[in-house]
Amino acid sequence: MSEPTASGPTKPGEQDLVRRTRGEVGTTSAKPALRDAVTPAPAQGFGVTFAQMFRTVTTEQYPFEPKVTKPRYHGRHVLNRHPDGLEKCVGCELCAWACPADAIYVEGGDNTEDARFSPGERYGAVYQINYLRCIFCGLCIEACPTRSLTMSNDFELADDNRQDLIYTKEQLMAPLLPGMEAPPHAMRLGEDEKDYYLRAPEVRP
C-alpha cells in the first residue's frame, strides 16, 4: 500500500484506512465519503430502466416452437443398448451410490442362458429414477462403468401426478434401432462380455 503524501490523504476515507493500518485508534473522519458520480442516484436508477425499454425483446413461441438446447444439456436419462439389442446396464448399482439426491433405485438380476438381457453375468432387473428428487447433476453418468446411462436433451418432465414422475426401466430404455432385437436373446457380438466392451470400433462404409 502506498504511503500518503506529505500533504496528507487525497481521497475520502483514506485517512481512516491509514489509521487502521498503523494500528492507531481514532474516530472516523468528520466528513462523510463523497460520491464519485455527478448524476444523482435516482437518475442513475431510472437510467437503467429507460435503457432496458429500448432493447429488443426476445419472444419464444413455446410450446409451439420447442426450445433448442445445447448439445451437452442434462435432460432425461436414457439406458442404452448394444448394437444387437442387449442392454448395457449390468446392474452394478454404482449410479445409485453416486447419486447425491438418492433418486435412483436399482435391483440387479442374474442372466441365464435361457434369459439373457446383458452381456455380463447380471443386468438391471429393476431400474427407477425419481425425477422429484433428481437434480440433474450428472454424477450418475460419470459413475456408470459401461456407458449405459446417459442424459438426453429432453427437458419436458412436468406433470400433475407425482407417481408419474418416477420413471421405470421401460420408460428409460433406448428404442430398438434397425438391426436390434429385443432381449432376452443370446450374445451376437461375441462369446464373452469382453467382446462387447473391448471390441474394435466398427468400420462403416
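Report follows, based on the coordinates. Residue positions within a chain follow its written sequence, with the count starting from 1. Per-residue local features are limited, in this predicted model, to residues with pLDDT of at least 70; the limit for side-chain atom pairs, both in listing and counting, is 80 or more; totals at the level of whole chains, interfaces and linings are taken over all residues. Calculation of side-chain values draws on the structure's entire complement of heavy atoms; hydrogens and water are dropped beforehand.

1. A few points about the pattern of salt bridges
Thinking step 1. A side-chain nitrogen of Lys or Arg and a carboxyl oxygen of Asp or Glu constitute a salt bridge if their distance falls within 4 Å. Per the counting criterion, the structure on display carries seven salt bridges.
Thinking step 2. Taking the shortest distance from any N to any O, the salt bridge between Glu-113 and Arg-116 comes out at 3.6 Å.
Thinking step 3. Arg-116 gets classed as buried once you look at its relative accessible area, which sits at 11%. Remark: exposure states derive from per-residue accessible area (1.4 Å probe, protein chains only) relative to the maximum for the residue type, with buried under 20%, exposed over 50%, and partly exposed in between.

2. Here we look at the sheet that holds strand 3 (residues 122-130)
Remark on secondary structure: sheet strands pair via backbone hydrogen bonds, oriented parallel or antiparallel.
Thinking step 1. Any two strands with at least two DSSP-identified bridges between them are counted as paired. Think of it this way: any DSSP run of H or I at least four residues long counts as a helix, any run of E at least two long counts as a strand, and we number them from the N terminus. The strand order 2-3-5 describes an open sheet built from three strands, whose pairing is antiparallel. In the strand order of this sheet, the two ends are held by strand 2 (104-110) and strand 5 (166-167), each with one partner.
Thinking step 2. Bridging between strand 3 and strand 5 involves two bridges; their strand directions are antiparallel. Counterpart to Ile-129 in the pairing with strand 5 is Tyr-167.

3. Notes on the side chain of Asp-84
Thinking step 1. Secondary-structure assignment places Asp-84 in the loop between strand 1 (77-79) and helix 3 (94-98).
Thinking step 2. No salt bridge is formed by the buried Asp-84, whose closest oppositely charged neighbour, Arg-188, lies at an N-O distance of 5.9 Å.
Thinking step 3. Any two residues whose heavy atoms approach within 4.5 Å at even a single point are treated as in contact. The contacts of Asp-84, once residues within four sequence positions are left out, are Met-180, Glu-181, His-185, Ala-186, Met-187, Arg-188, Leu-189 and Tyr-196. Under this rule, positive means Lys or Arg and negative means Asp or Glu; His and the chain ends count for nothing.

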